[in-house]
Amino acid sequence: MFVVNKFTALLASLNKFALSGCINKYVLLCGHTEARPLWRSTTVSHLHSLPVTQNMILASSETTEEEEKQSNELISKVNKQLQQQREGRLFAVVHVCGKQFKVTTEDIIIIEGNWAPQIGDKLKLEKVLLVGGSDFSLIGRPILSSELVSVHATVIEKALSHIKTIFRKKKRQQYQRINFKRTPHTMLRINSIQVKPEVNVKKAVEGLEGRIF
C-alpha cells in the first residue's frame, strides 16, 4: 500500500511539473505576449495570421491588374506593328514529321524518311510552336492557332541521302556483315510566314477554318 501511494504521488508531481513547464512558455504573436499551453500554438498562430494572408491576397490582385494593363499595352503595340507591316523579318519554329525546325522565308529544310507529298506540292504547316519578329515573339501552348499564323512551303525535291555503311561484327564468333543504306529525303522551301494582326482577339467560334464537315 505504501509503494502504490508513493508511485501515485510521483506521477502527480511529474504531471504538475509538465503542466507548469508548458503554461509558463511565452510566445510573441503580432506584438502581443501571452501565456498559453504549447498544444494551442498552431491554432492561435493560424488565427492571428489570417489578416496577413488577406493582405497578401489583396496585394497579389493589385499586381495582376498591373500586369494585365502592361500586357494589353504590349499586345496593342504588336497588333499595330503587324498592321503597319513593321514587324521585320519573321521567323518560326515548326513541327514536321516528329522534328522541330527554326525557319524563315526562303529557307530550305530536309525531311528524312518516307513522306507522301510529291514535287511541286504546296503545303501549309499547321503545327507552329513559335513565331517572332524584330521586337516580339508569340509562343504557343503548345501550338499557335492556324487562324493567327500561317507558314506556307513547297516541295522542291525528293531524293536519297548519301550512302551509309552499316557494319556488324561479333568477336570470336566468325561473324561480320556489311550493308549499305540510303534514306529518302524530301526538301521543302519556306515560301512565306504570315501573322494576322489579331493577337489575343477572342472569337465566338474558333477552329473552323479549313475544316470539312
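For clarity, every value in this text was computed on a predicted model and none was experimentally measured. (Residues numbered from 1 in each chain as written. Predicted model: local features only at pLDDT ≥ 70, side-chain atom pairs only at ≥ 80, totals over all residues. Heavy atoms only, no water.)

### Remarks on the sheet that holds strand S9 (residues 149–160)
Applied cut-off: Pairing between strands is defined by DSSP: at least two bridges between them are needed. Helix and strand assignments follow DSSP, with helices taken as H or I runs no shorter than four residues and strands as E runs no shorter than two, numbered in order from the N terminus. As a rule, the C-alpha atoms of each element are fitted with a line to give its axis, helices using only the stretch in contact, and angles between N-to-C directions run from 0 to 180 degrees.
Spatially, S5-S12-S9-S6 is the arrangement adopted by the 4 strands of the open sheet, whose pairing is antiparallel. Looking at strand neighbours, the two that pair on one side only are strand S5 (108–112) and strand S6 (122–125), the edges of this open sheet. In this sheet, neighbouring strand axes are inclined to one another by 40 degrees on average, regardless of whether the strands run parallel or antiparallel. Pairing between S9 and strand S12 (residues 184–195): 11 bridges, direction antiparallel. The partner of Lys 158 across the bridge, within S12, is Thr 186.

### A look at the layout of surface pockets
Put simply, the test is: Residues are called lining when one of their atoms sits within 4 Å of a cavity or pocket point, these points coming from a 1 Å grid over the protein atoms alone, where a cavity is a set in which a 1.4 Å probe fits but cannot get out and a pocket is an open set with protein on both sides within 12 Å along at least five of seven lines. Grid points are joined across faces, edges and corners, and a volume is the space filled by probe spheres set on the points. Residues are grouped as follows: Ala, Val, Leu, Ile, Met, Phe, Trp, Tyr, Cys and Pro are nonpolar; Asp, Glu, Lys and Arg are charged; all remaining types, including Gly, are polar.
Its boundaries defined by the atoms lining it, the largest pocket holds a volume of some 660 Å³. Taken together, 20 residues line the largest pocket, and the ones lying closest to its centre are Ile 139, Leu 144, Leu 148, Val 199 and Asn 200. In the lining of the largest pocket, the residues fall into 10 nonpolar, 4 polar and 6 charged.

### A few points about the sheet that holds strand S3 (residues 91–96)
Strand order across the open sheet formed by 4 strands is S4-S3-S7-S8, with antiparallel pairing between neighbours. Edge strands, defined here as strands with exactly one partner in the open sheet, are strand S4 (99–104) and strand S8 (137–139). Going across the sheet, the axis of each strand differs from the next one's by a mean of 20 degrees, ignoring polarity.

### As for the confidence of the model for the protein
Interpreting fine coordinate detail is not advised for predicted regions of low pLDDT. As a reminder of what qualifies: How sure the predictor is of each residue is captured by pLDDT, a score from 0 to 100. Here a residue-residue contact requires only that any non-hydrogen atoms of the pair lie within 4.5 Å.
Looking at the protein, pLDDT values average 78 and 66% of them are 70 or higher. Between residues 21–50, whose pLDDT stays under 50, and residues either more than four places distant or in other chains, the model counts 28 contacts.

### So, the pattern of salt bridges
Our working rule: Within this document, salt bridges are pairs made up of a side-chain nitrogen of Lys or Arg and a carboxyl oxygen of Asp or Glu, the two lying within 4 Å of each other.
Under the counting rule described, the total for this entry stands at 1 salt bridge. Between Lys 99 and Glu 112 there is a salt bridge, with the nearest N and O atoms lying 3.7 Å from each other. Placement of the pair is Lys 99 in strand S4 and Glu 112 in strand S5, with a sequence separation of 13 residues.

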